[in-house]
Amino acid sequence: MEYVFMNGEYVEADKAVIPVRTHAFLYGTSVFEGIRAYYNKEEDQLYAFRVKEHYQRLLASAKVMWMKSPYTLEEYSNITKSLLKKNEYKTDVYIRPTLYKSAIKVGPTLTDNEDSFLIFTTPFGDYFDANAGLKLCVSSWRRTSDNAIPPRAKVSGAYANSALIKTDAHEMGFDDAVVLSESGQVTEGSAMNIFLVINGVLTTTSITDDILIGVTRNTVIELAHELGIPVCERPIDRTELYNAEEVFCCGTGAQIVPVESIDHRPVGDGKIGKITKQIQSLYYDVVKGKVEKYKKWCLSVYD
Ligand SMILES: Cc1ncc(COP(=O)(O)O)c(C=O)c1O
């Protein structure tokens, strides 16, 4: 039996339903997070990764969307831990906390519209094969801009943009796509951030380039510092994608995934690059609680 946390209680998953006239369903007015928990078999422990940082971002998204958070950061962590424990997972898990406009009403206004919170969890393997490089294209769709639907806020309605990007890329035979901003510069993938190695420097778009500021992006930057790899955050042109020595994407779902080609042009020599490999291997150790220094990012579920 799987439980969902909803309206302050743990309910059986198939009983966790919302009415059809719920505002969030009608207008995409929910903010959410995607968090992973990793099962460490040797320790028989489940580690939820960077829970605090994900809830901090949830609160930031909520503020943009005129939502009041019903819980504190500590309460969110405790609820997440209790739910995982209750579901007794011994496998990797995806955690989806959602804060949503729950008024039963027609009309898009966000004020005078109550907020509700739920979390569901589900066993989750790899979203992409970490060893097979992605074949990307540059999407003909543009990323929504900060003054339209701000990518910095993780709002469910904004994922119509991601859905079009991902689906059209798939239909054309690619795994995913790089999305440009309204001004034509690189932003990110459909649901992941992007890193390029240019002249040995790990380069990523800056936080004001219409991206979701990924928790994994931040992890990668910290791990690169640890490994002594120089990092630069700056605007990136489309053609820099074609000349980069290495490219990889990252996100909670995607994890660290190398890119093999972009618009049919091979990245580097088409094989996984050295820096990508280094980051990838440290990342997989860190998320499983195997690196003492970064255990601070791993919330143990089973006491
Ligand atoms: C649009 C978008 N960009 C980037 C990311 C990566 O963010 P994170 O590393 O916090 O999962 C995601 C994943 O949630 C996303 O949906």
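Look above for the structure.
In what follows, the accompanying structure is described. (Residues numbered from 1 in each chain as written. Predicted model: local features only at pLDDT ≥ 70, side-chain atom pairs only at ≥ 80, totals over all residues. Heavy atoms only, no water.)

## Side note on the overall build of the protein
Next up, step 1: Broken down by element type, the protein carries seven helices and 17 strands.
Next up, step 2: Scaling as 2.2 N^0.38, a compact globule of 303 residues should have a C-alpha radius of gyration of about 19 Å, and the protein matches this with 19 Å.
Next up, step 3: Across the 303 residues in the protein, those meeting the buried criterion constitute 52%.
Next up, step 4: Here the protein has roughly 13900 Å² of accessible surface; of this, 52% comes from carbon and sulfur atoms.
Next up, step 5: Across the protein, the mean location of the 34 positive side-chain charges is 1 Å away from that of the 40 negative side-chain charges. (Helix = DSSP H or I, 4+ residues; strand = E, 2+ residues; numbered from the N terminus. Rg over C-alpha atoms; globule rule 2.2 N^0.38 Å. Buried < 20%, exposed > 50% of the residue type's maximum accessible area, 1.4 Å probe, protein only. Areas by Shrake-Rupley, 256 points an atom, 1.4 Å probe, with all protein chains shown as cover. Lys, Arg positive; Asp, Glu negative; His and termini not counted. Charge placed at Lys NZ, Arg CZ, Asp CG, Glu CD.)

## A word on the pairing of strand 7 (residues 115-123)
Next up, step 1: Here strand 1 (residues 3-6) pairs with strand 7 via two bridges, running antiparallel. Directly across from Phe-5, in strand 7, lies its bridge partner Ile-119.
Next up, step 2: Here strand 6 (residues 93-101) pairs with strand 7 via nine bridges, running antiparallel. When the bridges of strand 7 are listed, Thr-98 appears paired with Leu-118. (Pairing = 2+ DSSP bridges.)

## Quick notes on the nonpolar core
Next up, step 1: In this structure, Leu-46 and Leu-84 are the most contacted members of the largest nonpolar core, which totals 29 residues.
Next up, step 2: Those elements that place two or more of their residues in this core are strand 4 (35-40), strand 5 (45-49), helix 2 (51-64), helix 3 (73-87), strand 6 and strand 7.
Next up, step 3: Setting aside residues no more than four positions away along its own chain, Leu-84 makes contact with Ala-37, Leu-46, Ala-48, Tyr-89, Val-93, Ile-95, Thr-121, Val-301 and Tyr-302.
Next up, step 4: Core analysis: the next-biggest nonpolar cluster, separate from the first, contains 23 residues, Tyr-38, Phe-248, Tyr-294 and Trp-297 among them. (Core = buried A, V, L, I, M, F, W, Y, C linked by side-chain atoms within 4.5 Å. Contact = heavy atoms within 4.5 Å.)

## Quick notes on the packing of aromatic side chains
Next up, step 1: Per the stated rule, a full pass over the model turns up 14 aromatic pairs.
Next up, step 2: Arranged with centres 5.8 Å apart and planes meeting at 70°, the rings of Tyr-71 and Phe-117 form a pair that is edge-to-face. Here Tyr-71 is found in the loop between helix 2 and helix 3, whereas its partner Phe-117 is found in strand 7, with 46 residues between them in sequence.
Next up, step 3: For the ring pair Tyr-76 and Phe-117, a centre distance of 4.9 Å and an interplane angle of 65° mean the geometry is edge-to-face. With Tyr-76 in helix 3 and Phe-117 in strand 7, this residue pair connects regions lying 41 residues apart in the sequence. Each of the two residues, Tyr-76 as well as Phe-117, counts as buried.
Next up, step 4: Taken together through their ring pairs, the aromatic side chains of Phe-5, Tyr-10, Tyr-55, Tyr-71, Tyr-76 and Phe-117 make up a single cluster.
Next up, step 5: Its guanidinium or amino end placed over the ring of Tyr-302, Lys-90 lies 5.8 Å from that ring's centre, counting from NZ or CZ.
Next up, step 6: Looking at Arg-265, its charged tip hangs above the ring of Tyr-242, at a distance of 4.0 Å from the centre. (Phe/Tyr/Trp six-rings, centres within 6.5 Å; stacked < 30°, edge-to-face > 60°. Lys NZ or Arg CZ within 6 Å of the ring centre and 35° of its normal.)

In short, geometric facts, not functional conclusions.
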